[in-house]
Amino acid sequence: MNVQPSASEPAAAAAVAVPEAAPALDTVGRKDSGPGKGAALVPIVLVVAGGLSVQFGSAVAALLMPKAGALGVVTLRLAAAALILLVVCRPKLRGHSRADWGTVVAFGVAMGGMNTLFYQALDRIPLGIAVTLEVLGPLALSVFASRRLINVVWAGLALVGVVLLGGGGFDRLDPVGAAYALGAGAMWAAYIVFSARTGRRFPQADGLALAMVVAAVLSLPLGLWESGAKLTVPSTLALGAAVAVLSSVLPYTLELMALRRLPASTFAVMMSLEPAIAATAGFLILNQALSTTDALAIALVIGASMGAVRSQTGARKKKG
């Protein structure tokens, strides 16, 4: 199920190149691949399901922050997710090249950095706005990584929706919180690249489990420093486990599967759905109302995401 790159692949190339979908799984558009439309919908469903899970998990995390602090929530989330994935996946530690381990470590660093910076932003600015700023990272990746002009157009349309979703609130934001959100966006772009590479180099979700351990180890000292004994309260541990499942285990697994079927540039544009999902989660869980402008912004980012997917499907049919 996985295409293993050569062990002699240069580390620099591994860190810079943006991966395409794994050939072994790229059956969309082939005459002998069965129902092509159904296969094309699979990565879309995976991305949307992952987005729903992570944003509703973030809303639950916002409720947990007063008890455990932003860094404490990150530690609980990553540590619980790492334990769950280790038990479920039981990843093999032998038989991997130095480049494989370098990819996993980079993936873990990106994951840990993304979570730490995002929760610092969420502690200072509203969920919808935080995700709106964060998604600029994947949008920038889609522009730089894509070799097709149409993807730049879809990214631009999504950017208009993202800015519109911010409404007139950007000038009233905590500048430190906004900076954290933008930093999380940069880490998100790195996460997309190294998630795709990890999915190619490791079977099933083994690489994700190992990368989650790296992220958890990096976040542990920060969480203990900020929250200490608060992390051991049973109710806090239970909510932390729920956040881990909703915001890490489910979405990261689904996204890793999607990145085996979609180019990173297309996946990045689809991430423009995240502000819309975050706004919905904020409305349902955190009582943040949606305005007419918010609805228009959501329509724009959804339209951009649909356009990006249709463009990718059309390109595959031509190749087939």
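Computed from a prediction, not measured in an experiment: that's the story for all the values here.

J.: Help me out: how do you make sense of the overall build of the chain in this one?
T.: Of the regular secondary structure elements, the chain holds 13 helices and 0 strands. What you see in the chain, going N to C, is helices and strands ordered as α-α-α-α-α-α-α-α-α-α-α-α-α. A total of 320 residues make up the chain; the buried ones form 51% of that total. In the chain, 89% of the contacts between residues at least 6 apart in sequence involve partners at least 24 apart.

J.: Got a minute to help me understand the environment of Phe 107 in this structure?
T.: As for its position among the elements, Phe 107 is in helix H4 (residues 98-122). By relative accessible area, Phe 107 is classed as buried at 0%. Sequence separation between Phe 107 and Ala 215 is 108 residues, and the spatial gap between their C-alpha atoms is 8.5 Å.

J.: Please clarify how helix H9 (residues 206-227) should be interpreted in this entry.
T.: Structural remark: α-helix, 3.6 residues per turn; residues separated by three or four positions point the same way. Taking 1.5 Å as the rise per residue, H9 with 22 residues should run 32 Å; its terminal C-alpha atoms sit 30 Å apart, in good agreement. Along H9, the largest kink reaches about 35° and is centred on Ser 219; proline Pro 221 follows within four residues of it. Taken together, the buried positions of H9 are occupied by Asp 206, Gly 207, Leu 208, Ala 209, Leu 210, Ala 211, Met 212, Ala 215, Ala 216, Ser 219, Gly 223 and Ser 227. Where H9 terminates, the next one or two residues include Gly 228, which has phi positive at roughly 55°.

Rules used throughout
- Residues numbered from 1 in each chain as written.
- Predicted model: local features only at pLDDT ≥ 70, side-chain atom pairs only at ≥ 80, totals over all residues.
- Heavy atoms only, no water.
- Helix = DSSP H or I, 4+ residues; strand = E, 2+ residues; numbered from the N terminus.
- Buried < 20%, exposed > 50% of the residue type's maximum accessible area, 1.4 Å probe, protein only.
- Contact = heavy atoms within 4.5 Å.
- Expected span 1.5 Å × (residues − 1).
- Bend = angle between axes of the 7 residues up to and from the residue.

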